[in-house]
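Read off the chains here:
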Amino acid sequence: MSLSPQRQLDNYLSQFAEKQVDGKYLRLYDGERRFGRVFAWLHERYNDAFKFMNAKAPQGVEGHFNADPSRDLMEVNETYSALLSIGLATVCWTVL
């Protein structure tokens with residue numbers, strides 16, 4: 001028996017309880033009870049990736065991007081995509 005979209009979303013969100021998130025990002029999402037931690041994690045990780053990219057190519061030219069930061073950015077993008085997929089499935093399932 002497969003899990004309902006709501007249960008899938010709950011399971012997905014639970015993985016963020018263990019992730020380190022800087023308090024300054026958590027405070028930005030204080031009012032968001034359910035998604036606040038994942039939004040803060042995504043926000044922090046995107047900011048870190050963009051800071052690194054800007055440091056490597058400050059004028060938008062030259063430079064190169066290292067493998068580990070590139071993989072980190074891919075992980076954040078995949079997390080965001082998965083959250084969208086599960087979240088949209090939950091909304092659609094709830095409407096039905």
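Residues numbered from 1 in each chain as written. Predicted model: local features only at pLDDT ≥ 70, side-chain atom pairs only at ≥ 80, totals over all residues. Heavy atoms only, no water.

A. Representation of the nonpolar core in the model. Core analysis: the biggest nonpolar cluster contains 16 residues, and V38, W41, L42 and L83 have the highest contact counts within it. Of all the elements in the fold, those that place two or more residues in this core are α1 (5-14), α3 (36-56) and α4 (67-95). No other element matches α3, which puts 6 residues into this core. Beyond its immediate chain neighbours, meaning those up to four positions away, V38 contacts L13, F16 and L83. (Core = buried A, V, L, I, M, F, W, Y, C linked by side-chain atoms within 4.5 Å. Buried < 20%, exposed > 50% of the residue type's maximum accessible area, 1.4 Å probe, protein only. Helix = DSSP H or I, 4+ residues; strand = E, 2+ residues; numbered from the N terminus. Contact = heavy atoms within 4.5 Å.)

B. Structural context of the side chain of T79. Among the secondary structure elements, T79 is positioned in helix α4. Polar contacts involving the side chain of T79 include one to the main-chain carbonyl oxygen of E75, which spans 2.8 Å. Residues in contact with T79, not counting those within four places in the same chain, are Y12, F16, W41 and L42. (Polar contact = N/O pair within 3.5 Å; in protein donor to acceptor, adjacent residues only side chain to side chain.)

C. Geometry of the pattern of salt bridges. Counted by the stated rule, this structure contains 4 salt bridges. Taking the shortest distance from any N to any O, the salt bridge between R34 and D10 comes out at 2.4 Å. Placement of R34 in the loop between α2 (23-28) and α3 and of D10 in helix α1 is noted, with a sequence separation of 24 residues between them. In this structure, E75 and R45 form a salt bridge, with 3.3 Å as the shortest nitrogen-oxygen distance. Within this pair, whereas E75 is found in helix α4, its partner R45 is found in helix α3, the two being separated by 30 residues in sequence. The class for E75 is partly exposed, based on a relative accessible area of 31%. In this structure, a network of salt bridges that share partners links the residues R45, D72 and E75. (Salt bridge = Lys/Arg side-chain N within 4 Å of Asp/Glu carboxyl O.)

D. Region of the structure containing the environment of A49. Take A49: it is sitting in helix α3. Expressed as a C-alpha distance, the spacing of A49 and P69, which sit 20 residues apart in the sequence, is 6.6 Å.

Limitation: the analysis is restricted to geometry and does not speak to function.
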